[in-house]
Amino acid sequence: MTLASIYSSLCCHSGNVEPSTQDELGEKGSEDTGSSHSYVASPQLLNPTKPTDGFPAVQHNFLLAYPQYASQVLDTIRQTEFKRLEKLVYLDYTGASLYPESLVKQSNEFLSSNVLGNPHSSSPPSRLASHHTDVARTAILKFLGADPNIYSVVWTANASSAMRIVGEGYPWHPGARLFLAHDSHNSMNGLRAFAHNNGAAVDYYPMSASGGWEEKWSLLQKVSSLRSSPTDTYPGIFGLTGQSNVTGFKPPLYLLQHASSQGFHTFLDAAALAPTTRISLSGPELKNSVDALTISVYKIIGYPTGLGALVIKKEFLNQLKKTWFAGGTVDVVQAPGAVYTLLDGHERFEDGTINFLSMLTIPRGLSMMETLIPALSQRLSCLTHWTSRALSEIRHPNSGPPLVHVRSPSPLLSLSAVSQSQGGLIAFEVSDAAGTFINCDAIEYGAGKAGICLRAGCMCNPGGTSDIAGLAIMGEVVSGDRKEDLESKFGVRSRGLVRASFGLASNFSDAWTFVEYMRALASPGRLSRLQDEWAEYTVSGH
């Protein structure tokens, strides 16, 4: 595999278009993989610590211990496509992946030399837009190993919007059940509102102290026992988070197969899983067992934002109710009056005009990621394993208590275990020499001043965050509570954790710089000064 082979998918025109067809639809964008962009640090940021004389030795030892990390292609992509990271350590890939510069540049060049129109029309610009939309749908199905005869793609604004389509359209009823994990994103948690409103029950399955489940078989037995009636056409939905955005845990996907065998409809949240893990809906592990799956495009290829996809069985899609209509979803509307006829298939659920100008990047970006994911997955496992262990070893001076408390993954896990069951992220807390925990927002703030981008809070996953932190507070939360209320009742730890997550452009220098920054926080007085700065910053209204 060479960089040229990857660039060929980035630089060629989207889709398999015959020359004669392309001449009719529009001109091909010019090929240019150069970069004219650079990151300009905010005045409030300080340049992150650069590798010192000791770094080569540390990196040498790392490469000896982790030979799976090596990838010349990933190294070259970092150097050529992400020059803007020269003054920044970006560790929030779970929040948003970063786009390769050439991907955006080539898309902009194509848009500058072609005219695309609203795909709800049939003019030449509209046909060009429709063509690229169809090619992008095909690319999504190919990337996920989905049979186009079985699955359809519904364009949405994001993965959350895709979840709403399923939750709102499912024929809930008393006797139906919704299964969710404690360790679920709030967009998946939101499905319970539709279930409750229609009299259905909601069951949460608990997690272990570091994410995941210790008793998988008891969960399987519970799913088997709770189906109300073997003849019920709509017994409910088994919702599975493919990779937690806070614990990084990747559950065994055979759970979907089991739930499907019990007659439940299955829903896979793949927003955090798809960017670094190969998924095949036609493979032996998932074949015929996933009714619906959601992704966000920007979490995979970095660009565009505001575009997600619901990949759903056509049969299941036809069973979902549409409670209203909008432009692009209807064939006939009586106005004034009450009559309307919805369109069939994916068009029924694509409200208004889709983000057709961004479709060009999808085939190119997904083709690149499909090639890179095997090596990328190994690299991120190595970085996660090394970093979690390095952080757990940082202590306050004079053999004092730990500075960093790694909540997930466990630093005791082997590299093999991390590779199999964990994504490329680390969730942790920080405490001072007296054992008092520090506000997670202060740690994010301090790292940001040093040019290191982390994420703090519950990461829209309150169940997973509280569970791995060992905080039994969810039963005490009442309607109307805000973050400030939780902090006053349960202390600063209720604000959440700090998360560092790796992705496409991550390398060992990023991990080392981050660890060295955290190690410096153990210096006498350093945490106190950081908290004072953070307090002053918040009082000033930021």
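Residues numbered from 1 in each chain as written. Predicted model: local features only at pLDDT ≥ 70, side-chain atom pairs only at ≥ 80, totals over all residues. Heavy atoms only, no water.

1. Description of the overall build of the chain
No. 1: Scanning the chain for helices and strands turns up 20 helices and 15 strands.
No. 2: Counting across all 542 residues of the chain, residues that qualify as buried make up 53%.
No. 3: Restricting the contact set of the chain to residue pairs at least 6 apart, pairs at least 24 apart contribute 75%.
No. 4: When the accessible surface of the chain is totalled, it reaches about 23,000 Å², and 51% of it is carbon and sulfur. (Helix = DSSP H or I, 4+ residues; strand = E, 2+ residues; numbered from the N terminus. Buried < 20%, exposed > 50% of the residue type's maximum accessible area, 1.4 Å probe, protein only. Contact = heavy atoms within 4.5 Å. Areas by Shrake-Rupley, 256 points an atom, 1.4 Å probe, with all protein chains shown as cover.)

2. A closer look at the sheet that holds strand β4 (residues 201-205)
No. 1: Strand order in the open sheet formed by seven strands is β2-β8-β7-β6-β5-β3-β4, with mixed pairing between adjacent strands. Strands with a single pairing partner mark the edges of an open sheet, and in this sheet they are β2 (151-156) and β4. Neighbouring strand axes in the sheet, compared pairwise and without regard to direction, differ in orientation by 20 degrees on average.
No. 2: Looking at chain direction, β2 and strand β8 (residues 308-313) are connected through six bridges and run antiparallel. Within the sheet, the bridge partner assigned to W155 lies in β8 and is A309.
No. 3: Where helix α6 (residues 124-143) meets the sheet, it contacts β2, β7 (292-296) and β8, and its direction lies at approximately 120 degrees from that of β2. (Pairing = 2+ DSSP bridges. Axes fitted to C-alpha atoms, helices over the stretch in contact; angles between N-to-C directions.)

3. Quick look at the environment of R395
No. 1: Mapped onto the elements, R395 comes out in the loop between α14 (361-392) and β11 (404-408).
No. 2: Of the residues examined, R395 reaches a relative accessible area of 44% and is grouped as partly exposed.
No. 3: In contact with R395, not counting residues within four places along its chain, are G400, P401, P402, L403 and A522.
No. 4: A polar side-chain atom of R395 sits 2.8 Å from the main-chain carbonyl oxygen of G400. (Polar contact = N/O pair within 3.5 Å; in protein donor to acceptor, adjacent residues only side chain to side chain.)

4. Considerations on the confidence of the model for the chain
No. 1: Summarising the model, the chain shows a mean pLDDT of 88, and 87% of its residues fall at 70 or more.
No. 2: Low pLDDT (under 50) marks residues 9-47, which in the prediction has 71 contacts with non-local residues, meaning those over four places away or in another chain. (pLDDT = per-residue confidence, 0-100.)

5. Brief notes about the packing of helix α3 (residues 55-65) against helix α19 (residues 508-520)
No. 1: The interhelical angle for the contact between α3 and α19, taken along N-to-C directions, is 120 degrees, at an axis separation of 11 Å. Compared by their axis directions, α3 and α19 come out oblique. For the pair α3 and α19, the crossing hand works out as right-handed. Together, F55, V58, Q59 and F62 of α3 and F508, S509 and W512 of α19 make up the contact between the two elements. (Parallel < 35°, antiparallel > 145°, perpendicular 65-115°, else oblique. Left-handed = near helix turned anticlockwise from the far one by under 90°.)

6. Topic: the layout of surface pockets
No. 1: The volume enclosed by the largest pocket comes to roughly 820 Å³.
No. 2: Along the wall of the largest pocket there are 30 residues; nearest its centre are N186, C458, P462, G463 and M474.
No. 3: Take the lining of the largest pocket: its biggest share by element is five residues, from helix α17 (residues 462-468).
No. 4: Here the residues of the lining of the largest pocket sort into twelve nonpolar, ten polar and eight charged. (1 Å grid on protein atoms, 1.4 Å probe; cavity = no way out; pocket = protein on both sides within 12 Å on 5 of 7 lines; lining within 4 Å. Points joined across faces, edges and corners; volume = space filled by probe spheres on them. Nonpolar A, V, L, I, M, F, W, Y, C, P; charged D, E, K, R; others polar.)

7. Quick look at α19
No. 1: The terminal C-alpha atoms of α19 lie 18 Å apart, and with 13 residues this matches the ideal 18 Å at 1.5 Å per residue to within 8%.
No. 2: For α19, every residue scored as buried is listed here: F508, D510, A511, W512, T513, F514, V515, Y517 and M518. (Expected span 1.5 Å × (residues − 1).)

8. Focus: the side chain of K313
No. 1: Structurally, K313 is set in strand β8.
No. 2: Under the relative-accessibility criterion, K313 is labelled buried at 13%.
No. 3: Non-local contacts of K313, meaning those with residues more than four positions away in its chain, are made with I150, Y151, N288, S289, V290 and D291.

9. Observations regarding the packing of α14 against α19
No. 1: For the pair α14 and α19, the least separation of the axes is 10 Å and the interaxial angle reads 10 degrees. Taken together, the axes of α14 and α19 lie roughly parallel to each other. For the element pair α14 and α19, the recorded crossing hand is right-handed. On the side of α14, the interface is formed by L383, W386, T387, A390 and L391, while α19 contributes F508, A511, W512, F514, V515 and M518.
No. 2: Residue composition of the contact of α14 with α19, grouped by class: ten nonpolar, one polar and no charged.

10. Looking at the packing of aromatic side chains
Two aromatic rings are characterised by how far apart their centres lie and by the angle between their planes.
No. 1: Taken as a whole, this structure holds 20 aromatic pairs when the rule is applied.
No. 2: With centroids separated by 5.9 Å and ring planes inclined at 90 degrees, the aromatic side chains of Y170 and Y234 adopt a geometry described as edge-to-face. Within this pair, whereas Y170 is found in the loop between α7 (159-169) and β3 (177-181), its partner Y234 is found in the loop between α10 (216-225) and β5 (236-241), the two being separated by 64 residues in sequence.
No. 3: We classify Y170 as buried; its relative accessible area is 1%. (Phe/Tyr/Trp six-rings, centres within 6.5 Å; stacked < 30°, edge-to-face > 60°.)

11. Considering the pairing of strand β6 (residues 265-269)
No. 1: Burial analysis of β6 places five of its five residues in the buried class, which makes it a mostly covered element.
No. 2: Side-chain alternation along β6 places H265, F267 and D269 on one buried face and T266 and L268 on a second face that is also buried.
No. 3: As paired elements, β5 and β6 share five bridges and run parallel to each other. Paired with L240 across the strands is L268, a residue of β6.
No. 4: Pairing analysis gives three bridges linking β6 to β7, with the strands arranged parallel.

12. Quick notes on the sheet that holds strand β14 (residues 455-457)
No. 1: Taken in spatial order, the four strands line up as β11-β12-β15-β14 in an open sheet, and their pairing is antiparallel. Since the sheet does not close on itself, it has two edges, and those belong to β11 and β14, each with one partner. Sheet twist, expressed as the mean angle between neighbouring strand axes with direction ignored, is 30 degrees.
No. 2: With four bridges joining them, β11 and strand β12 (residues 425-430) adopt antiparallel strand pairing. Paired with S408 across the bridge in β12 is A427.
No. 3: Here helix α16 (residues 440-449) sits on the sheet and contacts β12, β14 and β15 (497-501); the angle it forms with β14, its principal contact strand, is near 165 degrees.

13. Some details on unusual backbone geometry
No. 1: With an omega of 5 degrees, the peptide bond running from Y303 to P304 counts as cis.
No. 2: Its place among the elements puts P304 in the loop between α12 (297-301) and β8.
No. 3: Cis peptide bonds are those with omega within 30 degrees of zero, and the linkage from A335 to P336 qualifies with 0 degrees.
No. 4: Within the secondary structure, P336 sits in the loop between β9 (330-333) and β10 (340-342).
No. 5: A positive phi angle is found at N398, which is not glycine, with a value near 60 degrees.
No. 6: Mapping N398 onto the fold places it in the loop between α14 and β11.
No. 7: By relative accessible area, which is 79% here, N398 ends up exposed.

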